[in-house]
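# Chains, contacts and geometry: an overview
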There are 2 protein chains.
Amino acid sequence: MYDFKEVVKQFEQRLQQQSTFPQSPDNLYEPCRYLLALGAKRVRPALCVMGNELFGEIGEDTWHVATGIELFHNFTLIHDDIMDKAPLRRGNATVHAKYGLTAGILCGDVMCIQAYVQIAKAKKSLPELLQLFNTTAIEVCEGQQLDMDFESRSDVSIDEYINMIALKTSVLLACGLKMGAILGGASGANADKLYEFGKNVGIAFQLQDDYLDAFGDSEKLGKQNGGDIKANKKTYLLIKALQHANQLQHTAINALIDRDDEAKIPAMLSLYSNTGADEACREAVNYYSDLAFANLAEIDVPEERKKPLFELASYLLQRDK
Amino acid sequence: MYDFKEVVKQFEQRLQQQSTFPQSPDNLYEPCRYLLALGAKRVRPALCVMGNELFGEIGEDTWHVATGIELFHNFTLIHDDIMDKAPLRRGNATVHAKYGLTAGILCGDVMCIQAYVQIAKAKKSLPELLQLFNTTAIEVCEGQQLDMDFESRSDVSIDEYINMIALKTSVLLACGLKMGAILGGASGANADKLYEFGKNVGIAFQLQDDYLDAFGDSEKLGKQNGGDIKANKKTYLLIKALQHANQLQHTAINALIDRDDEAKIPAMLSLYSNTGADEACREAVNYYSDLAFANLAEIDVPEERKKPLFELASYLLQRDK
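Note that the structure is predicted; figures quoted are calculated from it, not measured.

Right, let's talk about the overall build of chain A for a bit. What chain A contains, in helices and strands, is 16 helices and 2 strands. On C-alpha atoms alone, chain A measures out to a radius of gyration of 20 Å, which is about the 20 Å that the 2.2 N^0.38 rule sets for 321 residues. Taking the contacts inside chain A whose residues are at least 6 apart along the sequence as the reference set, 75% of them involve residues at least 24 apart.

What follows concerns helix α2 (residues 26–36) of chain B. Residues lying three or four places apart along an α-helix face the same way, a consequence of the helix completing one turn every 3.6 residues. Every buried residue of α2(B) is listed here: Leu28(B), Tyr29(B), Pro31(B), Cys32(B) and Leu35(B). Along the axis of α2(B), the buried positions cluster into a sector of 155°, meaning they face one direction only. Buried residues belonging to α2(B) abut α7 (126–151) of chain A together with α4 (60–83), α5 (95–99) and α6 (101–119) of chain B.

Take the interface of chain B and chain A next. Listed as interface residues are 30 residues of chain B and, on the opposing side, 30 residues of chain A. Elements represented by at least two residues in the side of chain B that touches chain A include exactly α2, α4, α6 and α7 (126–151) of chain B. Of the residues that constitute the side of chain B that touches chain A, the class distribution is 20 nonpolar, 7 polar and 3 charged.

Turning next to the relation of the copies chain B and chain A. Once chain B has been moved 0.0 Å along the axis and rotated by 180°, it coincides with chain A to within an RMSD of 0.1 Å. Overall, the copies show the geometry of a two-fold rotation axis. In this assembly the copies share their binding face: 100% of the residues contributing to the interface of chain B also contribute to that of chain A.

Our focus in this paragraph is the packing of helix α13 (residues 247–257) of chain B against helix α14 (residues 264–274) of chain B. Residues and elements named next belong to chain B. As a packed pair, α13 and α14 sit with axes 10 Å apart at the nearest point and diverge in direction by 150°. In terms of their interaxial angle, α13 and α14 are classed as roughly antiparallel. Two packed elements cross with a definite hand, and for α13 against α14 that hand is left-handed. Contacts between α13 and α14 involve Gln249, Ala252, Ile253 and Leu256 from the first element and Lys264, Ala267, Met268, Leu271 and Asn274 from the second. For the contact of α13 with α14, a count of residues per class yields 6 nonpolar, 2 polar and 1 charged.

Let us look at the confidence of the model for chain A. Considering every residue of chain A, the mean pLDDT works out to 95; 99% of them sit at 70 or more. ipTM for the predicted complex: 0.95, alongside a pTM of 0.96.

All names here are of chain A. Inspection of the secondary structure puts Val8 in helix α1 (residues 4–17). Owing to 18 C-beta atoms within 10 Å, Val8 belongs among the partly exposed residues under this scheme. It is 8.0 Å that separates the C-alpha atoms of Val8 and Lys41, two residues lying 33 residues apart in sequence.

A few words now on helix α12 (residues 236–244) of chain A. Most of α12(A) sits out of view: 7 of its 9 residues are buried. Among all positions in α12(A), only Tyr236(A), Leu237(A), Leu238(A), Ile239(A), Lys240(A), Ala241(A) and Leu242(A) are buried.

This part takes up the environment of Arg44(B). Residue and element names in this part refer to chain B. Structurally, Arg44 is set in helix α3 (residues 43–53). As a C-alpha pair, Arg44 and Cys141 span 97 residues in sequence and 17 Å in three-dimensional space. In contact with Arg44, other than residues within four places in its own chain, are Ile69, Glu70, His73, Leu172, Leu173 and Gly176.

Glancing now at the packing of α2(B) against α6(B). Residues and elements named next belong to chain B. For the pair α2 and α6, the least separation of the axes is 9 Å and the interaxial angle reads 75°. As judged from the angle between their axes, α2 and α6 are roughly perpendicular. Residues Asn27, Leu28, Pro31 and Cys32 of α2 form the contact with α6, whose participating residues are Ala103, Leu106, Cys107, Val110 and Met111. For the contact of α2 with α6, a count of residues per class yields 8 nonpolar, 1 polar and no charged.

Before going further, it helps to spend a moment on the environment of Asn163(B). Inspection of the secondary structure puts Asn163(B) in helix α8 (residues 158–183). For the pair formed by Asn163(B) and Gly108(B), sequence separation is 55 residues and the distance between their alpha carbons is 25 Å.

Backbone torsion omega between Ser24(A) and Pro25(A) reads 0°, so that peptide bond is classified as cis. By secondary structure assignment, the location of Pro25(A) is in the loop between α1 and α2 (26–36).

Definitions and limits used
- Residues numbered from 1 in each chain as written.
- Chains lettered and ligands numbered in written order.
- Predicted model: local features only at pLDDT ≥ 70, side-chain atom pairs only at ≥ 80, totals over all residues.
- Helix = DSSP H or I, 4+ residues; strand = E, 2+ residues; numbered from the N terminus.
- Rg over C-alpha atoms; globule rule 2.2 N^0.38 Å.
- Contact = placed C-beta atoms within 7 Å.
- Buried ≥ 20, exposed ≤ 12 C-beta atoms within 10 Å, placed from the backbone.
- Arc of directions from axis to C-beta.
- Nonpolar A, V, L, I, M, F, W, Y, C, P; charged D, E, K, R; others polar.
- Least-squares fit on C-alpha atoms with pLDDT ≥ 70 in both.
- Axes fitted to C-alpha atoms, helices over the stretch in contact; angles between N-to-C directions.
- Parallel < 35°, antiparallel > 145°, perpendicular 65-115°, else oblique.
- Left-handed = near helix turned anticlockwise from the far one by under 90°.
- pLDDT = per-residue confidence, 0-100.

Structure representation (structure tokens):
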């Protein structure tokens, strides 16, 4: 059995060996190659391969599908970065910042289609794979739309927030795992449980991200705390704090949102603590982590086969960075 | 046998009956519905259905695939309009002009994926259909890239130009026809000839568009002549005029490109005539029309089955509007 590191290593080798993008037109494919070479964690394609390995020997189809998942993810990054006006991605200039808006749109488009090219290479189970992937791809777009809708709303509920992060982030993790499971010959019930595992890992990971952005060790994170607070991002912490706040705290939070000075971040952090939002967020991370590990436990394969996925989830959901 | 009008009527009915887009998130799907309702000619989906009808009875798969082709076409319109900074489409505000850049990007993305949802509904020949569609979709992106690359180049050859319009416009017509043919049970040879027919019709149509923009009857066209000249668009006429020009004419054309006054259009038109570019363009329209009709003639089905496609091509390539 391969562990995460070994799967990523093999995936990177295959990605470099195959020429995913043609040479010409260079202005179309150079930005695609640029982004793909920026050194990502490759969690999504690795999950796809590991989903296969849980049930059976890794086949060629799975490497293609894993590539499709990674291309789709990168396509969404390019377009999301345009919408978010983000200058940096993985520590480098975003595609639109480096090559312009037009290149960003069009190379995103072609990368989305290239994702389908890879998935269509699957010789087994194509209709089933395609239906799952299409559903997921639409959900990812809907999640991005909800995220943007939430920016201008002040009444977002916790349920709505969880739904949004599930659509925007988790379903693609879950989809990759399940596509791998299908290709590995999993039963329907096992494939569904693996999907739920991926979805819950994704939600827990995103909630942990919210928590660490506020309360994490900035040295371990490699960035300053409070980026979400500075940007007035609607996170689990902010929604929960508003929900739990008494009238005074509520007024204080809303007043802070309108400010943009040095004191904003520590003041908001203490409101997160005083309202118990920090504690609630940690509990939510644990709740979805527990669900995920319960999903994994329920999958009907020998326990030793689950070890790589168990280790990866434990690593992703470790509590300090 | 249905003719073009009847096919379009039936396609519109089906498009309205099925709810192609869910209600929510409204900010995502409202712009999609807006564009789709703007009353297009529906040439591409009609060709798909007519491609099926040429060989056999129209099946459910074909209506889905036709819808997919139309959604893909509309997706490219949304993103092209952003890249071209176009304010109007079909006489109404473009999606990004009406709903903003973010909506334009994201609703284009989801419409592209919805195209795949429709195509994936095909129960027959899915791998073959998908491979053709993927290849075509990539070619359309490449055509758009070349079109933009040509804006800043002064050495575009006629061959490069024909290749660009084939990719940007014709291959999707050809793809729709061939997907219909595949679903209609056509032999490989017949399906390939129908593809070539569509490609040549598309090239002839685009070249005719170049010609009519310059020399057409503005009353019949419903717009002023010379829009391409005003916008310094690289058309067949301009490329050919530069190619055929003597040194004086060459200097005159380049001087006109830098101008933006009333006299620019008539002056350029007379250079097009004096260099023989107008005549060359008409000949090129005829050349690709003749190729198209020869392709249609070679298809091995009873002649009466070809009548609707023959009539549609004749209508699209009629010589005065």
